[in-house]
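For reference, the chains in residue letters:
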Amino acid sequence: MPHPLIIQLRFTRSEFQRALEGLSDADARRRLLPMNCISWNIGHLAWHEQGMWLADFQGQTPLPYLNELYGYNQPASTPPLAESLEAWQTVTKMTDPFLDTLTTQQLQEMSLTDDDDPIILYTAGSLMQRLIYHYWYHTGEIMAIRQMLGHTNLAEFVGDIDTEAPYRPH
């Protein structure tokens, strides 16, 4: 069974996907300033996962274009929904086998240094938490955009965490 933190990430991803249900390409590409559009947010999270789990920890960058299109501080864009979803699905499928192998010890001991300050050390566990919170940030943003676009019957609260990702000590 995967580490409890990995189960939390997978639940978070499923809630992210739930926020996208019924979304059209046209609405996914609408940009309500100052926010980015929904399809950009999808690609941005693919960029984040690829950067950490594939590039930093495994030396792989299967979709290098994510760095230029969706990286932090890159210019705003309004990519097609299908393109962003395909990138996100590709990256998450590629990261999952690696994530399934992580143990508590590895989450505590595997680390990266900060590019701007090499003294700062980030453990894989703290990076995992950062990613989970990053997903929740953009999930909330997506729901706000959808409300502003007039979408109705949206999810109103976190899904079935008690069944899908209950608390488990590590």
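For the structure itself, consult the block above.
This structure is a prediction, so every number in the text was calculated from the model and none was measured.

Considering the environment of Leu112
Next up, step 1: Along the chain, Leu112 turns up in strand S1 (residues 111-113).
Next up, step 2: Along the backbone, Leu112 and Phe57 are 55 residues apart, and their C-alpha atoms lie at a distance of 8.4 Å.

Points about the environment of Gln129
Next up, step 1: Inspection of the secondary structure puts Gln129 in helix H7 (residues 124-148).
Next up, step 2: Separated by 121 residues in sequence, Gln129 and Gln8 have C-alpha atoms that sit 9.3 Å apart.

Here we look at the pattern of salt bridges
Next up, step 1: Scanning the model with the defined rule gives six salt bridges in all.
Next up, step 2: A salt bridge links Arg10 to Asp96, with the shortest nitrogen-to-oxygen separation between them at 3.2 Å. Separated by 86 residues along the polypeptide, Arg10 in helix H1 (residues 4-20) and Asp96 in helix H5 (residues 81-101) bring together distant segments of the chain.
Next up, step 3: For Arg13, the salt bridge is made with Asp96, and the minimal N-O distance between the two is 2.7 Å. Of this pair, Arg13 sits in helix H1 while Asp96 is found in helix H5, placing the two residues 83 residues apart along the sequence. Neither residue differs from the other here; Arg13 and Asp96 are each classed as buried.

Digging into the packing of aromatic side chains
Next up, step 1: This model, assessed by the stated rule, comprises six aromatic pairs.
Next up, step 2: Aromatic side chains Phe11 and Trp136 sit 6.5 Å apart centroid to centroid with 45° between the ring planes, which places their arrangement in the tilted category. Of this pair, Phe11 sits in helix H1 while Trp136 sits in helix H7, placing them 125 residues apart in sequence.
Next up, step 3: Residue class for Trp136 comes out partly exposed when judged on its relative accessible area of 29%.
Next up, step 4: Judged by centre distance (5.7 Å) and plane angle (50°), the rings of Phe16 and Trp88 are tilted. Note that Phe16 is positioned in helix H1 and Trp88 in helix H5, a separation of 72 residues in sequence. We note that Phe16, like Trp88, is buried.
Next up, step 5: Grouping aromatic residues by their ring pairs yields a cluster made of Phe16, Trp88 and Tyr135.

About the thresholds
Residues numbered from 1 in each chain as written. Predicted model: local features only at pLDDT ≥ 70, side-chain atom pairs only at ≥ 80, totals over all residues. Heavy atoms only, no water. Helix = DSSP H or I, 4+ residues; strand = E, 2+ residues; numbered from the N terminus. Salt bridge = Lys/Arg side-chain N within 4 Å of Asp/Glu carboxyl O. Buried < 20%, exposed > 50% of the residue type's maximum accessible area, 1.4 Å probe, protein only. Phe/Tyr/Trp six-rings, centres within 6.5 Å; stacked < 30°, edge-to-face > 60°.

These figures come from the coordinates and say nothing about function on their own.
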